[in-house]
Amino acid sequence: MSKETNIPIMQDLADPASLISQAFRLLAPPVNPFDPDGDWTHTYQDISSFKLKQLQGELTLQHKAGGALQIKSFRDCPDHYRFYTIADLQCGNDTLCTPSAWTVETKVAKTATDTPYLNSGLIKQASVKDGVLSIKTGGARRTLALPGNYTCKGCLLDAVGRMARQGIKEMHFTLLDEYDEPCSDQVISFRGTSQAKTRNGTIEITCYQHTGTATIPGVFFLDASGRVLFYLSGMQMLALAATNGTETGYLK
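To keep things clear, this report deals only with the structure shown in the data block. (Residues numbered from 1 in each chain as written. Predicted model: local features only at pLDDT ≥ 70, side-chain atom pairs only at ≥ 80, totals over all residues. Heavy atoms only, no water.)

### A short note on the environment of Val-108
Move 1: Mapped onto the elements, Val-108 comes out in strand S5 (residues 99-109).
Move 2: Sequence separation of Val-108 and Leu-89 is 19 residues, and the distance between their C-alpha atoms is 21 Å.
Move 3: When near neighbours in sequence (up to four residues on either side) are disregarded, Val-108 contacts Tyr-81, Arg-82, Phe-83, Thr-115, Pro-116, Tyr-117 and Ser-120. (Helix = DSSP H or I, 4+ residues; strand = E, 2+ residues; numbered from the N terminus. Contact = heavy atoms within 4.5 Å.)

### Notes on helix H2 (residues 156-166)
Note: α-helices contain 3.6 residues per turn, so residues at a spacing of three or four share the same orientation.
Move 1: Counting buried positions along H2 yields eight of eleven residues, so the element is predominantly enclosed.
Move 2: Those residues of H2 that fall on the buried side of the exposure criterion are Leu-156, Leu-157, Asp-158, Ala-159, Val-160, Gly-161, Arg-162 and Met-163.
Move 3: Gly-167 occupies a position one or two residues after H2 and carries a positive phi of about 70°. (Buried < 20%, exposed > 50% of the residue type's maximum accessible area, 1.4 Å probe, protein only.)

### Side note on the pairing of strand S4 (residues 82-91)
For a regular strand, side-chain orientation follows a simple rule: the groups alternate between the two sheet faces.
Move 1: In the sheet, strand S3 (residues 68-76) pairs with S4 via nine bridges, with the strands oriented antiparallel. Paired with Phe-74 across the strands is Tyr-84, a residue of S4.
Move 2: In sequence, S3 turns back onto S4 through a hairpin of five residues, with Asp-79 there showing a positive phi of about 60°.
Move 3: Note that S4 and S5 share ten bridges and pair antiparallel. Looking at S5, one finds that Ala-87 is bridged to Val-104. (Pairing = 2+ DSSP bridges.)

### Digging into the pairing of strand S15 (residues 236-243)
Move 1: Where burial is concerned, most of S15 is hidden: eight out of the eight residues are buried.
Move 2: Here seven bridges tie strand S1 (residues 40-48) to S15, and the two strands are oriented antiparallel to one another. Paired with Thr-43 across the two strands is Ala-242, which belongs to S15.
Move 3: By the bridge criterion, four bridges tie strand S14 (residues 228-233) to S15 in an arrangement that is antiparallel. In the strand pairing of S15, Phe-230 is matched with Ala-239.
Move 4: Between the end of S14 and the start of S15, which pair antiparallel, lie two residues, with Gly-234 showing a positive phi angle near 55°.
Move 5: Once S15 ends, the chain turns through two residues before running back antiparallel as strand S16 (residues 246-247), passing Asn-244 with a positive phi of about 50°.

Right, here's the structure in full:
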């Protein structure tokens, strides 16, 4: 007869054995002030949720006052190569950090400034006007209807903080996955507050959940200033590693 085991839910902060509770105990949360409309840089370690300390890449958001946002990410590849995605967006200061125009470069290279390995580079340019998304990839162009609220996936790491600061419980929108593929019927919902034990003591955490068409459900864990400290979805966890160059000590 098989023996029953109680396996903790990964996102359950109330369970000290859960993945997210273990992750928080490795973090020294930032204490410096945070202005989402100002100049700031947040760097996240991209970690496999199968193994708490298994790094597989990195993601950095660099925001400038006026709405310029760069989202740079990479995943590690063999032989010290990395697959890079570098997006430069002009965003509004609205709740969803809605982008109006952006350029995205993808490539395999050893550093972000290297030329693409074996012609692996691709550049896309996009803009939205009057509810129409226009995308240019090389010599090809296409347009798509994009009515209502929308944003790009990486922008959610900014948007959920704005929701929390404004006391917004739920947002419905279209998600632009990989910066060009509309996924409709997306929802980010407030899931409550909780306490989390960290390297520097216990802090209050606000949780938002993201669900929607063609989307793996994920949970954002925010501090009192609206910074995303962790994002956990399926096989991926993003852990805040540094804010404006100051490290959180995660995995150090």
